[in-house]
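This is what each chain is made of:
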Amino acid sequence: MNRTREPQIALPALSRRRFVTGVAAGAALLGMPAGANSAVPRANPTPQTLRGNQFDLHVNYQPVNFTGRERTAVATNGSVPGPILRWKEGETVTLNVTNHLAHDTSIHWHGIILPTGMDGVPGLSFNGIRPGETFTYQFELNQSGTYWYHSHSDFQEQQGHYGSIVIDPAEPDPVACDRDYVVILSDWSDESPHDIYAKLKKEGHYYNRRRRTAGDLWDEIRQKGVAQTWQDRKMWNEMRMSDRDISDVTGYTYTYLMNGQTPDGNWMAQFKRGEKVRLRFINGSAMSIFDIRIPGLKMTVVASDGQNIEPVTVDEFRIGVAETYDVVVEPVDDRAYTLFAQTIDRSGFARGTLTPHPELRAEVPAMDYAPVLTHRDMGMDHSGHNMGGMSGMDHSDHDMGNMGGMDHSDHDMGNMGGMDHSGHDMGSMGGMDHSGHDMGSMGGMDHSGHDMGSMGGMDHSGHDMSSMSGMDHSQHAGMQSGNAGQYSLHGGRPELGGMQGVWFTDGLVRAGHGSNSPIVHLPSEYRYGVDMRSEMPGNGLNDPGIGLRDHDTRYGRRVLTYADIRNLTPTIDRREPTRELQLHLTGNMHRYMWSMDGIKFNDAEPLMLKYGERIRITLVNDTMMTHPIHLHGMWSELETGDSEYIPRKHTIIVQPGSKISYLVTADAYGRWAYHCHLLYHMPGMFREVRVV
């Protein structure tokens, strides 16, 4: 029986922590006295649009009231979000940023390709902007599209220091529209971000208000039985994880904003029937991933991270922190529509209204069900395999190294007779659990030639091996050695220095088609700072993500996946990658520690790239959180299976227990930040990339 498990810059003397921790003075922000009349939320002004190529930006404290309690935000030119900066491709912009705060600040121009000294990351690109000082950014614009800016100092981004950028193309825009709106999403808390971080460090589940109850346990027992429930709970408890850890920080403390307006504030945009409306969605949150839909309207996605793509019509899409998507909608009725952005954990939403008349409102939909993590999100879900009818399969070239920890407990392997497994290399399969296999009718399988090195620890208890007579295991090699593929810690370039991670140089797959390199966990992943390793990570390309996977069948909504994205124009750099870096996103949720390859930023060496080379980066998510990863200064060219139209992104979501690959052309000298864009993950899950 087939069963499924449901739930459903050049300043090396600076500290590496300075880019985010800044100075302690920031903690005093939320300690400032609240205003006398703070009981009623005050309408927050929508950001103004500034055009041209010369700008004066002032960073200052600003009283705000999103929740009925007055608090002090960090604002740009007096608003949260800061002003929309409207630029023109081909021009050179000059921005004078004056710091009126009591501590350092900075502005990073997210997604903009510019010289490293203008990137705005204290400790890597410059010293930061001291209190009372003015720093002048100046750079040429060689791209068009939708982007944003934010502080890279302390936790100021959480406190309101962010805004939108639109760069109009030098040539005619391929996206025709009658109206054009920026929609920037964000999360606001009345708590100090330092308090939030401190609480997470003490208790990683602090903001999770959906932890399991006795009632949930009873429901699970009724569905799965005691034994299976015990087995599942044991696994989660041993890893000190919760299958309901979808977001670290939730609606318990956050108020979600659309263009600086609360859901009650209801940001509004107007249209006339029959018009084409372009909506430029930007996720400017600190920690919140959103799923966006407009009930009653199809959305045609025309740009991703500022780059034009072949139009894709969908009902819903996920936007990771720091990503941008442009969509075009065409309302044909004189009615209002709700722009609905629910968080990935369904603990809250932001909303606005698209309407032909200011007095018209639309119904606000209910949030979808709250998702629960499964074995799939651990990178090890094989439950529910039905292997019946596999007779005659030839697995003679399989390399099964590093399959330890797989759970095959629900396999039904009936009718597998006649399979040829000769030539299997099963090194490092220790720890597999095959309990519960029903291997009836597997007679006639040929396993001659198996190399089963290092398979110690496999648990085959519970196998029903009746009718397996006739299997030939006569050529099995000793079960000692394994094979994790050929890799190095420098990718053939030890002369560059630095570096950590796993590098491959041989047998790389063609550009645009991702990676087939074996998964390698370095010894640094076997420390207390890592509580999970994905042994068989899924492919994050076709996966819409946790909480969206059944929306097509359940609600009839088409959901955008990365596999849908093709660049509008042909791939520019058509060279093959010469090296591949496999980097693991790691962490320990219980201790709230985040890292790459089990090494936090303070202890990491820079990743060294040679100017002009083209490499592949494969990210393996060894955690159960969704991480949006941002590389500064260079494009991340997402490999979606089509080498001719590889989409360029600046931020890429890596699904839990999954992997994803992209190409990078190292065409920008200098020191660049490379990190998870979840603000409270950033202190650990961060690397410096140095192009020399």
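Let me begin by describing the structure that accompanies this report.

What counts and how
Residues numbered from 1 in each chain as written. Predicted model: local features only at pLDDT ≥ 70, side-chain atom pairs only at ≥ 80, totals over all residues. Heavy atoms only, no water. Buried < 20%, exposed > 50% of the residue type's maximum accessible area, 1.4 Å probe, protein only. Helix = DSSP H or I, 4+ residues; strand = E, 2+ residues; numbered from the N terminus. Pairing = 2+ DSSP bridges. Axes fitted to C-alpha atoms, helices over the stretch in contact; angles between N-to-C directions. Contact = heavy atoms within 4.5 Å. Arc of directions from axis to C-beta. Polar contact = N/O pair within 3.5 Å; in protein donor to acceptor, adjacent residues only side chain to side chain.

**Re the pairing of strand β3 (residues 71-76)**
Thinking step 1. Counted residue by residue, β3 has 5 buried out of 6 residues, so it is predominantly covered.
Thinking step 2. Alignment of strand β2 (residues 54-64) against β3, held across 6 bridges, turns out to be antiparallel. In the sheet register, Val59 faces β3, and the bridge partner there is Thr76.
Thinking step 3. If you look at the hairpin formed by β2 and β3, you'll find 6 residues sitting between the two strands, and Gly68 has a positive phi there, around 100°.

**Describing the sheet that holds strand β7 (residues 134-140)**
Thinking step 1. With mixed pairing, the 4 strands of this open sheet are ordered in space as β3-β2-β5-β7. In the strand order of this sheet, the two ends are held by β3 and β7, each with one partner. Direction aside, neighbouring strands of the sheet carry axes that sit 20° apart on average.
Thinking step 2. Bridging between strand β5 (residues 92-99) and β7 involves 7 bridges; their strand directions are antiparallel. Counterpart to Thr92 in the pairing with β7 is Glu140.

**Some details on the environment of Asn542**
Thinking step 1. Secondary-structure assignment places Asn542 in the loop between β22 (538-539) and α5 (551-555).
Thinking step 2. A C-alpha to C-alpha distance of 8.1 Å links Asn542 and Asp564, two positions 22 residues apart in sequence.
Thinking step 3. When sequence neighbours within four positions are dropped, the list of residues in contact with Asn542 reads Thr561 and Ala563.

**Notes on helix α2 (residues 193-202)**
Thinking step 1. Among all positions of α2, only Pro193, His194, Ile196, Tyr197 and Leu200 are buried. In a view along the axis of α2, the buried residues occupy a sector of 160°, so they form one face of it.
Thinking step 2. Elements in contact with the buried residues of α2: β10 (179-189).
Thinking step 3. Its side-chain oxygen placed 3.0 Å from the backbone nitrogen of His194, Ser192 serves as the N-cap of α2.

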